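A look at the structure
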Amino acid sequence: MVSRREFLKWSLAGGAAFAGAQSWAQSQPAERRLKFYNTHTGEQLAATYWADGQYQSGELAAIDRLLRDHRSGDVFAIDRRLFDILYALQQRTGTRGTYEVISGYRSPSSNDLLRRHGGGVARDSLHTHGQAIDIRLTGIALADLRRAALGLRAGGVGNYPTSNFIHLDTGRVRTW
């Protein structure tokens, strides 16, 4: 038999756990929205990629298309975790600005072309796997954006201040 004291202790603990779970559920956004501007094609997109507790396939397809390889036109399914990183970065910076996309998906042939004509392009770049993006965020200084991205500890963060962008990916946590 449970004593009154034990009953009260477990009742309070259960109530606190329920309140904590309820608070967590309420703190999760009902929707996650991102805005993009592709600097090579001029295309713009505002997409609610997460709603009703799940990824939205139609919106994801539209984002994948905007982030396609602008050289070849190849479209690739972007790692959905990358969108979550971008959303978390917006939350951390306190802005709902537009992501200016310098590079999203890169076909292997485009990646090879860039490798042959310049430095700093990895042979097996995460761009070719739909796991990387090079961006700026309107209204946020590049140094502040980089600091915020590093604070997420959610993947790779590359800094390219002379080219005015940062690189984000869903690979292991690292920086350069």
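Cut-off values and rules
Residues numbered from 1 in each chain as written. Predicted model: local features only at pLDDT ≥ 70, side-chain atom pairs only at ≥ 80, totals over all residues. Heavy atoms only, no water. Core = buried A, V, L, I, M, F, W, Y, C linked by side-chain atoms within 4.5 Å. Buried < 20%, exposed > 50% of the residue type's maximum accessible area, 1.4 Å probe, protein only. Helix = DSSP H or I, 4+ residues; strand = E, 2+ residues; numbered from the N terminus. Contact = heavy atoms within 4.5 Å. Salt bridge = Lys/Arg side-chain N within 4 Å of Asp/Glu carboxyl O. Pairing = 2+ DSSP bridges. Axes fitted to C-alpha atoms, helices over the stretch in contact; angles between N-to-C directions.

Details of the nonpolar core
Ranked by size, the top nonpolar core spans 29 residues in total, and within it Phe-36, Leu-67, Phe-83, Ile-133 and Leu-168 carry the most contacts. Of all the elements in the fold, those that place two or more residues in this core are strand 1 (31-38), strand 2 (44-51), helix 2 (57-66), helix 3 (80-93), strand 4 (99-103), strand 5 (132-137), helix 5 (142-152) and strand 7 (165-169). Looking at this core element by element, the count peaks at six residues for helix 3. Those residues in contact with Phe-36 that sit more than four places away from it in its chain are Glu-43, Gln-44, Leu-45, Ile-63, Leu-66, Leu-67, Phe-83, Leu-86, Thr-98, Tyr-99, Val-101 and Ile-133.

Re the pattern of salt bridges
All told, the structure shown has eight salt bridges when counted by the stated rule. Here Asp-64 makes a salt bridge to Arg-80, at a shortest N to O gap of 3.0 Å. Taken together, the residues Asp-64 in helix 2 and Arg-80 in helix 3 connect sequence positions 16 residues apart. With a relative accessible area of 6%, Asp-64 lands in the buried category. The class for Arg-80 is partly exposed, based on a relative accessible area of 23%. Its salt-bridge partner being Glu-100, residue Arg-136 comes within 2.9 Å of it at the nearest N-O pair. Note that Arg-136 is positioned in strand 5 and Glu-100 in strand 4, a separation of 36 residues in sequence. Comparing Arg-136 with Glu-100, the two get one shared label, buried.

Some details on the pairing of strand 6 (residues 156-160)
For strand 6 and strand 8 (residues 174-175), the ladder comprises two bridges, and the chain directions are parallel. Bridge pairing in strand 8 links Gly-156 to Arg-174. Inspection of the sheet shows strand 6 paired to strand 7 by four bridges, in the antiparallel sense. In the sheet register, Val-157 faces strand 7, and the bridge partner there is Leu-168. Adjacent in sequence and paired antiparallel, strand 6 and strand 7 are bridged by four residues, among which Asn-164 carries a positive phi angle near 65°.

As for the sheet that holds strand 4
Strand pairs in the sheet, formed through backbone hydrogen bonds, run parallel or antiparallel to each other. What the eight strands build is an open sheet, ordered 3-2-1-4-5-7-6-8; its pairing is mixed. Here the strands that pair on one side only, and so sit at the sheet edges, are strand 3 (54-55) and strand 8. Relative to the sheet, helix 2 contacts strand 1, strand 2 and strand 3, its axis offset from that of strand 2 by approximately 145°. Strands in contact with helix 5 are strand 5, strand 6, strand 7 and strand 8; relative to strand 7, the strand with the most contacts, it is inclined by about 15°.

Any link to function would need more than the numbers given here.
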